[in-house]
Amino acid sequence: MKNTPFTKKHVALGARMAEFAGYNMPISYSGINDEHLAVRNNAGVFDVSHMGEFILKGEKALELIQRVTSNDASKLTAGKAQYSCLPNKEGGIVDDLIVYCIEENKVYMLVVNASNIQKDWDWISAFNTENVEMHNISDKTCLLAIQGPDAAKMMQPLTEVDILNMKYYTFQKGKFAGVDNVLISATGYTGSGGIEIYFENKEGNADKIWNRIFEAGSGKGLKAIGLAARDTLRLEMGYCLYGNDIDDTTSPLEAGLGWITKFNKDFTGKEVLEKQKAQGIKRKLAGIELTEKGIPRHDYEVLNQNNEVIGHVTSGTQSPSLRKAIGMAYVQLEYAKAGTEIFIKIRDKMVPAKVVKMPFE
């Protein structure tokens, strides 16, 4: 297993550690519910240094990004970021990612999922016919997500960058906690606001920044948060997790990601997805809420009242904020409308549930 520059910090804090995407990662510290509510109500720090970062440079960098991603990256100006995905030739999803425009038309950073770093690198490289300069900086890049409604307020004393007024999906480079050239981004996958910071793992930067962050949050309830609470937070928002809710066999249209699929440009899989849009999808990723006791788990069958299988659960949990069992499932289109009554098969029992809109409330 690989370690991140913060692994010793997690162990010292008593985190429950486990393997994730080849990394030794903190799953929880004080408990999922406690950590989840800390982020929803205050602020928490996630080590997400296992994520992948690629730099694409050159006159043809934007052209390559336009070819391999579904969203329209030509809309990006310096300091703006964009959620997107890498469609495959069959209209499935190679990965979802964030595209950062560092210098318009010339320099971009792509942030990809940890489990897909090599896969994505190989995929993008296969389309790089114009010699775009590509750098995989994943191993030397630290990434911390400081999330929650009070996160920016706590972190503002550590930087001259105005993070309190930073607009969603924008970023700036500047000094943070005394470290130069930190990319500070108003992004995150919790739905509770906050920032993410990217910086190079050198000269003790990791220890310095981690310590300064927790000094700034001292006495204010700032907590270290594990991957388990990250999962429950994103699920409450209806955000997809690669490998669960989206993969090489699911299309962005089925996954409710039509908003990042722009047909005003050429991209890999465009024709397949255009055809799918014209003909209509046959299944859709829907939010589900159990109306009786039980928890929907990944791969559980979704049934109709005639006991027929109409879909499968992709993600599910007992929501710490809402105190009810929620999940996401691909279901046949006729069952995907909010209010539709369905059943989840849990240990041979048909547990009643209903389709609800996301984010969950």
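Below is a short write-up of the structure. (Residues numbered from 1 in each chain as written. Predicted model: local features only at pLDDT ≥ 70, side-chain atom pairs only at ≥ 80, totals over all residues. Heavy atoms only, no water.)

1. Concerning the overall build of the protein chain
Helices and strands together make up the secondary structure of the protein chain, namely eight helices and 19 strands. The C-alpha radius of gyration of the protein chain comes to 21 Å, within 12% of the 21 Å expected for a compact globule of 361 residues. With the C-alpha coordinates aligned to their principal axes, the bounding extent of the protein chain is approximately 65 × 50 × 40 Å. Here the protein chain, with 361 residues, has 56% of them falling under the buried criterion. With the model as given, the accessible surface of the protein chain reaches about 16,100 Å², and the carbon-plus-sulfur share is 47%. (Helix = DSSP H or I, 4+ residues; strand = E, 2+ residues; numbered from the N terminus. Rg over C-alpha atoms; globule rule 2.2 N^0.38 Å. Buried < 20%, exposed > 50% of the residue type's maximum accessible area, 1.4 Å probe, protein only. Areas by Shrake-Rupley, 256 points an atom, 1.4 Å probe, with all protein chains shown as cover.)

2. So, the sheet that holds strand 9 (residues 141–147)
Taken together, six strands build an open sheet; the order of strands is 10-11-12-9-3-13 and the sheet is mixed. Single-partner strands in this sheet number two, and they are strand 10 (171–176) and strand 13 (223–225). If you compare each strand with its neighbour and ignore which way they point, the axes differ by 30 degrees on average. Sheet analysis places strand 3 (residues 44–47) next to strand 9, joined by four bridges and oriented antiparallel. Paired with G44 across the bridge in strand 9 is Q147. Contacts between helix 6 (residues 205–216) and the sheet are confined to strand 3, strand 9, strand 10, strand 11 (179–185), strand 12 (194–200) and strand 13, with strand 12 contributing the most and set at about 155 degrees to the helix. (Pairing = 2+ DSSP bridges. Axes fitted to C-alpha atoms, helices over the stretch in contact; angles between N-to-C directions. Contact = heavy atoms within 4.5 Å.)

The values are spatial; any link to function lies outside them.
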